[in-house]
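Per-entry structural report
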Amino acid sequence: MHERPPSAPTGTEVRRRELLKATVATGGAAAAAPLLSSAALPEAQAATPPPAAVPVALRVNGAEHRLTLDPRTTLLDALREHLHLTGSKKGCGLGQCGACTVLMDGKRVKSCLSLAALAQGRDITTIEGLAQGEQLHPLQTAFIERDAFQCGYCTPGQIMAGVACIAEGHAGSAQEIRDWMSGNICRCGAYDHIVAAIQDAARQVGRGG
Ligand code: FES
Ligand code: FES
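Our focus in this paragraph is the side chain of His170. As for its position among the elements, His170 is in the loop between α5 (155-167) and α6 (174-180). The exposure class of His170 is buried, given its relative accessible area of 16%. At a separation of 2.9 Å, a polar atom in the side chain of His170 contacts the side chain of Glu168. Excluding anything up to four places from it in sequence, His170 contacts Cys165, Glu176, Ile177 and Trp180.

What follows is the structure, encoded as structure tokens:
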């Protein structure tokens, strides 16, 4: 259990709190480069002309967006590169790390594996759309209170997956949370604090064990 010191926050602590709040609210300001670079395309594939762009209408965080995209564009790339919602991170691009997790019609999906064109007509929620104005989601607040991250790269995906984990009724115990959050990797090893934050938020909304 991670306990907060009883003394008043120092100036450094206040600044750190502001940084933490920015990270959980928007996924942080740092541009995220892919962790794995694409392998060079085979010559024949590189010479193949791209398919014609198609119109794609996306509803993200309650706002409608009309884009014209290569039909192969992933939802993650549409969010990050076309809508400039960079909170969702590209870790592996292969569905293995969970950094890109968003909600689609309330269910968690790995946006690096979802095609933007197939997300039309769905309600997409990203980390930028979780707070209600200045009011953070209970899980965002719990992440701050529990210091549930270090570098913050995995945090947006952890929070979106955690919101879904609670809504699914899979937050009854620490072990259950670990099992149902196993698709979200944290290279900093902040798992104990992430689980504690999810337990806190689950209890707050009456879905904890
Ligand atoms: Fe790793 Fe999507 S970027 S699962
Ligand atoms: Fe660094 Fe999770 S906080 S990867």
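So much for the structure itself; the text now carries on.
What follows is about the nonpolar core. Counting 31 residues, the largest nonpolar core has Val24, Leu139, Phe143, Ile159, Ile194 and Ile198 as its most contacted members. Sort the elements by how many residues they give to this core and α5 lands first, with seven residues. Among all residues touching Ile198, those that are not within four sequence positions of it are Leu139, Gly162, Ile166, Ala171, Ile177 and Met181. The next biggest cluster of nonpolar side chains, apart from the first, holds 16 residues, and it includes Leu58, Leu79, Ala119 and Ile124.

With that settled, consider the pairing of strand β2 (residues 63-69). Taken together, the seven bridges between strand β1 (residues 54-60) and β2 define a ladder with antiparallel strand orientation. Bridge pairing links Leu58 to His65 in β2. Once β1 ends, the chain turns through two residues before running back antiparallel as β2, passing Asn61 with a positive phi of about 55°.

Once that is clear, we can look at helix α7 (residues 191-204). For α7, with 14 residues, the first-to-last C-alpha span of 20 Å sits near the 20 Å given by 1.5 Å per residue. Among all positions in α7, only Ile194, Val195, Ala196, Ala197, Ile198, Ala201 and Ala202 are buried. The secondary structure elements touched by the buried residues of α7 are α4 (138-145), α5 and α6.

Let us now look at the environment of Arg80. Take Arg80: it is sitting in helix α3 (residues 75-82). Here the alpha-carbon distance between Arg80 and Lys90, two residues 10 residues apart in the chain, equals 9.0 Å. A polar contact is formed between the side chain of Arg80 and the backbone oxygen of Thr86, at a distance of 2.9 Å. Within the local environment of Arg80, its side chain forms a polar contact with the backbone oxygen of Ser88, the two atoms lying 2.8 Å apart.

Across the sheet, five strands lie side by side as β2-β1-β5-β3-β4; this open sheet has mixed pairing. The open sheet has two edge strands with one neighbour each: β2 and β4 (107-110). Strand after strand, the sheet turns through a mean of 40° between neighbouring axes, direction not considered. Pairing between strand β3 (residues 101-104) and β4: four bridges, direction antiparallel. From the neighbouring strand, Val102 faces β4, where its bridge partner is Val109.

It helps to recall that an α-helix has 3.6 residues per turn; residues three or four apart then point in one direction. Helix length check: α5 (13 residues) gives 18 Å between terminal C-alpha atoms against 18 Å at 1.5 Å per residue, within 8%. Burial analysis of α5 places 12 of its 13 residues in the buried class, the great majority of the element. Three or more residues of α5 are buried, namely Thr155, Pro156, Gly157, Gln158, Ile159, Met160, Ala161, Gly162, Val163, Ala164, Cys165 and Ile166. At the C-terminal side of α5, Gly169 shows a positive phi close to 80°.

Scoring rules and cut-offs
Residues numbered from 1 in each chain as written. Chains lettered and ligands numbered in written order. Predicted model: local features only at pLDDT ≥ 70, side-chain atom pairs only at ≥ 80, totals over all residues. Heavy atoms only, no water. Helix = DSSP H or I, 4+ residues; strand = E, 2+ residues; numbered from the N terminus. Buried < 20%, exposed > 50% of the residue type's maximum accessible area, 1.4 Å probe, protein only. Polar contact = N/O pair within 3.5 Å; in protein donor to acceptor, adjacent residues only side chain to side chain. Contact = heavy atoms within 4.5 Å. Core = buried A, V, L, I, M, F, W, Y, C linked by side-chain atoms within 4.5 Å. Pairing = 2+ DSSP bridges. Expected span 1.5 Å × (residues − 1). Axes fitted to C-alpha atoms, helices over the stretch in contact; angles between N-to-C directions.

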